[in-house]
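Analysis of the macromolecular model
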Amino acid sequence: MVEIYVRQNNVDQALRALKKKLQNEGILREMKARKHYEKPSEKRVREAAEAVRRVRKLARKRAQVEGLIPSKKPRRR
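Figured I'd write up the structure that's included with this text. All values derive from a computational prediction rather than experimental measurement.

Things to note about the overall build of the chain
Looking only at helices and strands, the chain has three helices and zero strands in total. A compact globule built from 77 residues should have a C-alpha radius of gyration of about 11 Å, whereas the chain, at 19 Å, is more than 25% larger. If one aligns the C-alpha atoms of the chain with their principal axes, the spans along those axes are about 50 × 45 × 20 Å. Within the chain, buried positions represent 4% of all 77 residues. Positive and negative side-chain charges in the chain, numbering 25 and 9 respectively, have mean positions lying 8 Å apart.

Dropping the structure here:
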């Protein structure tokens, strides 16, 4: 359950916080996915692509920890 508190009647700030929480929890993606029917073959293809993406990301992070590839430089603010 997502809860957002409106402070000092600032609805715009609360709306931004709500959108951010919904996106982080994947609710927006799920809503879009449920909006239209997805054929089982398309679902398999999408899930396979997501799995490949996850594996590559994990391998890249492991390589950075082991020092095989340089990690990203921290951004200055």
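Here the narrative resumes.
Some remarks on unusual backbone geometry
The phi torsion at Gln-8 lies on the positive side, around 55°, for a residue other than glycine. On the secondary structure map, Gln-8 appears in the segment before helix H1 (11-25). With a relative accessible area of 80%, Gln-8 lands in the exposed category. Positive phi is not limited to glycine here, since Asn-9 has a value of about 55°. Here Asn-9 lies in the segment before H1.

Side note on the pattern of salt bridges
For the structure on display, the rule yields three salt bridges. Between Arg-34 and Glu-30 there is a salt bridge; the shortest N-O distance is 2.9 Å. Within this pair, Arg-34 and its partner Glu-30 are both found in helix H2 (residues 27-35), separated by four residues, close to a single helical turn. Overall, Arg-34 belongs to the exposed group, its relative accessible area being 67%. The closest approach of N and O atoms between Glu-50 and Arg-46, which form a salt bridge, is 3.2 Å. On the criterion of helical spacing, the pair formed by Glu-50 and Arg-46 is a turn pair, its members being four residues apart in helix H3 (residues 40-66). Overall, the relative accessible area of 23% leaves Glu-50 in the partly exposed class. Connected through salt bridges with shared partners, the residues Glu-38, Arg-46 and Glu-50 form a single ionic network.

Rules of the game
- Residues numbered from 1 in each chain as written.
- Predicted model: local features only at pLDDT ≥ 70, side-chain atom pairs only at ≥ 80, totals over all residues.
- Heavy atoms only, no water.
- Helix = DSSP H or I, 4+ residues; strand = E, 2+ residues; numbered from the N terminus.
- Rg over C-alpha atoms; globule rule 2.2 N^0.38 Å.
- Buried < 20%, exposed > 50% of the residue type's maximum accessible area, 1.4 Å probe, protein only.
- Lys, Arg positive; Asp, Glu negative; His and termini not counted.
- Charge placed at Lys NZ, Arg CZ, Asp CG, Glu CD.
- Salt bridge = Lys/Arg side-chain N within 4 Å of Asp/Glu carboxyl O.

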